[in-house]
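So you can see what is in the structure, the chains are spelled out below.
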Amino acid sequence: MDKREYSRKLFERALSSIPGGVNSPVRAFGAVEGTPPFIVRGEGPYIYDADENRYIDYVMSWGPLILGHAHPAVVEAVERAARCGTSFGAPTEAEVVLAETVKEAFPSIDKLRLVNSGTEAGMSALRLARGYTGRDKVIKFEGGYHGHADGLLVKAGSGAATFGTPSSPGVPADYARHTLTAPYNDLDAVRDVAKAHSDDMAAIIVEPVAGNMGVVPPESGFLEGLRELCDSIGAVLIFDEVITGFRIARGGAQEKFDIRADLTCLGKILGGGLPLGAYGGRAEIMDKIAPTGPVYQAGTLSGNPVAVAAGAATLKNIDTTGFYEALDQKAEKLARSLVDAANEAKVDVTINRVGSMMTLFFCPPPVRNYSEAASSDIEQFKQWFHAMLEQGIYLAPSPYEAAFLSALHNEEHIDITIDAARKALDNAKKTLIERNAVT
Ligand code: PMP
């Protein structure tokens, strides 16, 4: 019996009207082969596909759903906002309140601008950093992903890494040459690149915990070193906290590691599952944005009232005592049990985890940068991924992504996941034995 027959039919149909059948590349299962389940609804930690299969979801819409799917407070806020009108293209009180809430969480942000996605946040922050400094060059990290804007699609992670096009055709070489790269966690390399261009260095943009080469935490001193470097050459330090903001702490990596960026990009949890992003930072820099300043950035739907309502409801409902501690404990248990299960199965793995975001790499430790992440065994990952999916565990269909927990994943879900993982790791082990027998 084909458990995903209807999804398969939908995928075939989708292929004739949507490129690759999907509206964002990694969804197509290109890295793992097979057909993606088409989702009809979500509830708490679960999603249900078009054939009514239920999965425990660790993708959580790639991070936004820290409260789980269809949280009643978020749904109610969305309904209430929509009834009052879905868009005005004019200022609203709710935008001001949300901006104030973000500022409370991120002391480095004096002012912020709401946009519609993480891509827009990164793209706009970069333009602003260039406009503010009057310089062109920017450093990003290999395997870092900041959305698909031209200047940031150079040695990019996430889907770009998955599909082997980390630097996309269509990005003019004249433009890409202003984007310099360095390996993550390698301060000496960053310093060398920066010093070679110090008069023209506008910004360093970094995911303070990398999430798009799989999860890779910053080594001790790395973020502080970037801070010092930016100060010494007069460049803007941009923290892309699209994933980490409100995820690893309310105030993101800046709270967790006690460090301040000049500009911060936000998205995902900020919009509670609706399209919303933001960039913000020091007033002196933010005041260079139009209409206060000359750097242009605008949006018909920016500050959309429905998205703002979903974001505000999410930020309110995660503002409870012990919220992050509880998430962290569950994530710690999941990570520890996965390592135990891998040891039992004698499969080499590395688990990188920061709070409720984690990645299981099929390679021995450490994974500190993109080239180490890329050394993980793709065949084993595929076996693992499909074995988990068959057992009702929905993971990101690429080895370069994070798994996310929500407040509604409980001990029982984690136990079920670990039981499934034991079987899936056995499968992954068999693949390795069979392959070694052939070679
Ligand atoms: N920055 C980071 C760190 C991201 O992980 C992503 C998307 N996963 C983006 C930016 C782009 O965000 P969006 O997909 O909302 O455009």
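## A few points about the site of the ligand
- Around the ligand sit Ser117, Gly118, Thr119, Tyr145, His146, Gly147, Glu207, Asn212, Asp240, Val242, Ile243 and Lys268, and that is every residue in its neighbourhood.
- The separation between an oxygen atom of the ligand and a polar side-chain atom of threonine 119 is 2.6 Å.
- Relative to its free-state accessible area of 390 Å², the ligand is covered by the protein chains to the extent of 81%.
- Looking at the shell around the ligand residue by residue, the class counts come to three nonpolar, six polar and three charged.

## Structural notes on the nonpolar core
- In terms of nonpolar packing, the biggest core is built from 70 residues, with Tyr58, Val102, Phe246, Leu270, Ile318, Phe362 and Trp384 touching the most fellow members.
- Top element by residues in this core is helix H12 (residues 323-345). It accounts for 10 residues.
- Excluding residues within four positions of it along the chain, phenylalanine 362 makes contact with Val347, Asp348, Val349, Ser376, Asp377, Gln380, Phe381, Trp384, Leu425 and Ala428.
- Formed by 31 residues, the second largest nonpolar core is a distinct cluster that contains Val193, Met201, Ala235 and Ala261.

## What about the domain arrangement of the chain?
- When the domains of the chain are assigned, the result is domain 1 (5-70 + 325-438) and domain 2 (72-318).
- In this structure, domain 1 and domain 2 have C-alpha centres spaced 26 Å apart.
- Regarding the contact of domain 1 and domain 2, the summed buried area is about 2600 Å², with carbon and sulfur atoms giving 69% of it.
- Where domain 1 packs against domain 2, one counts zero salt bridges.
- Taken together, the links from domain 1 to domain 2 amount to eight residue pairs in polar contact (both at pLDDT 80 or more).
- Among the secondary structure elements, those contributing two or more residues to the side of domain 1 that touches domain 2 are strand E11 (350-354), strand E12 (357-361) and helix H13 (370-373).
- The element best represented in the side of domain 1 that touches domain 2 is E12, accounting for four residues.
- Here the side of domain 1 that touches domain 2 is composed, by residue class, of 21 nonpolar, seven polar and three charged.

## Comments concerning unusual backbone geometry
- Alanine 290 connects to proline 291 through a cis peptide bond whose omega is 10 degrees.
- The omega torsion of the bond from proline 365 to proline 366 falls at 0 degrees, within 30 degrees of zero and hence cis.
- Even without being glycine, phenylalanine 29 reaches a positive phi, approximately 65 degrees.
- Checked against the element boundaries, phenylalanine 29 lands in the loop between helix H1 (5-17) and strand E1 (39-43).
- By relative accessible area, which is 2% here, phenylalanine 29 ends up buried.
- Backbone geometry places phenylalanine 246, a non-glycine residue, at a positive phi of 65 degrees.
- Checked against the element boundaries, phenylalanine 246 lands in the loop between strand E8 (236-240) and helix H9 (252-256).

Parameters and conventions
- Residues numbered from 1 in each chain as written.
- Predicted model: local features only at pLDDT ≥ 70, side-chain atom pairs only at ≥ 80, totals over all residues.
- Heavy atoms only, no water.
- Near = heavy atom within 4 Å.
- Polar contact = N/O pair within 3.5 Å; in protein donor to acceptor, adjacent residues only side chain to side chain.
- Areas by Shrake-Rupley, 256 points an atom, 1.4 Å probe, with all protein chains shown as cover.
- Nonpolar A, V, L, I, M, F, W, Y, C, P; charged D, E, K, R; others polar.
- Core = buried A, V, L, I, M, F, W, Y, C linked by side-chain atoms within 4.5 Å.
- Buried < 20%, exposed > 50% of the residue type's maximum accessible area, 1.4 Å probe, protein only.
- Helix = DSSP H or I, 4+ residues; strand = E, 2+ residues; numbered from the N terminus.
- Contact = heavy atoms within 4.5 Å.
- Domains from an automatic or database assignment.
- Buried area = accessible area lost by both parts, 1.4 Å probe.
- Salt bridge = Lys/Arg side-chain N within 4 Å of Asp/Glu carboxyl O.

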